[in-house]
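Listed here are the chains, written in short residue letters.
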Amino acid sequence: MRTAVLISGSGSNLQAILDVRANDPHYPAEPVLVVSDRPGVAGLARAHDAGIVTEVVDWSDHPDRSAFTKAICDVLDDHRVELVVLAGFMRILSEEAVRRFPNAILNIHPALLPAFPGAHAVEKALAYGVKTTGVTVHFVDEHVDSGPIIAQEAVPVMAADSVATLHGRIQTIEHRLYPKCVAAAAAGRLRVQGRTVVWNER
Ligand code: GRF
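Computed from a predicted model, the values in this text were never measured in an experiment. (Residues numbered from 1 in each chain as written. Predicted model: local features only at pLDDT ≥ 70, side-chain atom pairs only at ≥ 80, totals over all residues. Heavy atoms only, no water.)

Caption draft 1: Highlighting the overall build of the protein. Along the protein, the regular secondary structure elements total six helices and nine strands. Expressed as lengths along the three principal axes of its C-alpha atoms, the size of the protein is roughly 50 × 40 × 35 Å. Counting over 202 residues, the protein shows a buried share of 48%. Of the contacts formed within the protein by residues at least 6 apart in sequence, a portion of 61% connects residues at least 24 apart. Carbon and sulfur atoms make up 53% of the accessible area of the protein, which totals about 9700 Å². (Helix = DSSP H or I, 4+ residues; strand = E, 2+ residues; numbered from the N terminus. Buried < 20%, exposed > 50% of the residue type's maximum accessible area, 1.4 Å probe, protein only. Contact = heavy atoms within 4.5 Å. Areas by Shrake-Rupley, 256 points an atom, 1.4 Å probe, with all protein chains shown as cover.)

Now the structure itself:
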């Protein structure tokens, strides 16, 4: 399935997907495009190194969220993208994206949703004093971090944790979990029933 990965920064989740794909000729998601909302980020260099086409749709070139979303969707259509993977993409897309790609946009969030939605989830979990946080992969709906949940994994919070050490532990899980979820979506193994995502066996 022709897949685009949308990034804003380092792109370590993008790299995890590219690495799994590089080692598995049967991986069902074919990364054909990486889109960033700003130029010069490390994730774009990772895409170049892997020979993947990149596009920058600069947030600051657009008057509002709706115009930005339309520009992103047009780029996705230009590249005949069927599956959209948000990987550290720090912009909220407007409803038009969900309408144009229904149950075909995935996001990864560094907390156990519905706890700590939005930005700075790792900081918020640490500040709250939770003993367990984690990773959530979900479909994107018209609200922020609220769509049907594809997979979750718990991550313990240690007494000595800083934001950096906790985020590092979370990212180790992300890099294993996200490529699996992307593959399942691309293989048509995920069925959405209301809020519930059902995993079909192969
Ligand atoms: C990840 O922790 C992800 O959960 C959050 O943003 C971070 C992106 O990291 N949405 P990277 O750019 O993939 O390294």
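So, next bit.
Caption draft 2: A look at the site of the ligand. In the neighbourhood of the ligand, the contacting residues comprise Ser10, Gly11, Ser12, Asn13, Gly88, Ile108, His109, Pro110, His167, Gln171 and Glu174. Contact with the protein chains hides 87% of the accessible area of the ligand, taken as 360 Å² for the molecule alone. Secondary-structure elements contributing two or more residues to the shell around the ligand are helix H1 (12-23), strand S5 (105-109) and helix H6 (163-186). Here the residues of the shell around the ligand are counted per class, giving two nonpolar, eight polar and one charged. (Near = heavy atom within 4 Å. Nonpolar A, V, L, I, M, F, W, Y, C, P; charged D, E, K, R; others polar.)

Caption draft 3: Inspection of the pattern of salt bridges at higher detail. Per the stated rule, a full pass over the model turns up seven salt bridges. Between Arg100 and Asp77 there is a salt bridge whose closest N-O contact spans 2.6 Å. One end of the pair, Arg100, is in helix H4 (residues 95-100); the other, Asp77, is in helix H3 (residues 65-78), and 23 residues separate them in sequence. One continuous salt-bridge network, built from bridges that share partners, spans Lys70, Asp74, Asp77, Glu96 and Arg100. (Salt bridge = Lys/Arg side-chain N within 4 Å of Asp/Glu carboxyl O.)

Caption draft 4: Just the pairing of strand S9 (residues 196-199), in detail. Pairing analysis gives four bridges linking strand S8 (residues 190-193) to S9, with the strands arranged antiparallel. By the bridge assignment, Gln193 is partnered in S9 with Thr196. (Pairing = 2+ DSSP bridges.)

Caption draft 5: Quick peek at the environment of Val75. The topology assignment puts Val75 in helix H3. In this structure Val75 comes out as buried when scored by relative accessible area, which is 12%. A C-alpha to C-alpha distance of 29 Å links Val75 and Val135, two positions 60 residues apart in sequence. Every residue in contact with Val75, bar those within four places of it in the chain, is listed here: Leu33, Val35, Glu55 and Val57.

Caption draft 6: Local environment of the packing of aromatic side chains. Across all of its chains, the model carries three aromatic pairs by this definition. An angle of 70 degrees between the planes, with centres 4.8 Å apart, marks the rings of Trp59 and Phe68 as edge-to-face. Phe68 sits in the buried class, given a relative accessible area of 0%. Measuring from ring centre to ring centre gives 6.3 Å for Phe68 and Phe89, while their planes differ by 10 degrees; the resulting arrangement is stacked. Taken together, the positions of Phe68 in helix H3 and Phe89 in the loop between strand S4 (83-86) and H4 put the pair 21 residues apart, joining distant regions of the chain. Phe89 shares its class with Phe68; the two are buried. Taken together, the ring pairs connect Trp59, Phe68 and Phe89 into an aromatic cluster. (Phe/Tyr/Trp six-rings, centres within 6.5 Å; stacked < 30°, edge-to-face > 60°.)

Caption draft 7: Structural detail: the packing of H1 against helix H2 (residues 42-49). For the pair H1 and H2, the least separation of the axes is 9 Å and the interaxial angle reads 15 degrees. Between H1 and H2, the angle is such that the two are roughly parallel. In the packing of H1 onto H2, the handedness of the crossing is right-handed. Contact residues: Ser12, Leu14, Gln15 and Leu18 in H1; Gly43, Arg46 and Ala47 in H2. In the contact of H1 with H2, the residues fall into three nonpolar, three polar and one charged. (Axes fitted to C-alpha atoms, helices over the stretch in contact; angles between N-to-C directions. Parallel < 35°, antiparallel > 145°, perpendicular 65-115°, else oblique. Left-handed = near helix turned anticlockwise from the far one by under 90°.)

Caption draft 8: Broad picture of unusual backbone geometry. Across the junction of Leu113 and Pro114, the peptide omega takes the value 15 degrees, indicating a cis bond. Mapped onto the elements of the fold, Pro114 is located in the loop between S5 and helix H5 (121-128). One non-glycine residue with positive phi stands out, namely Phe116, at about 55 degrees. Overall, Phe116 belongs to the buried group, its relative accessible area being 16%.

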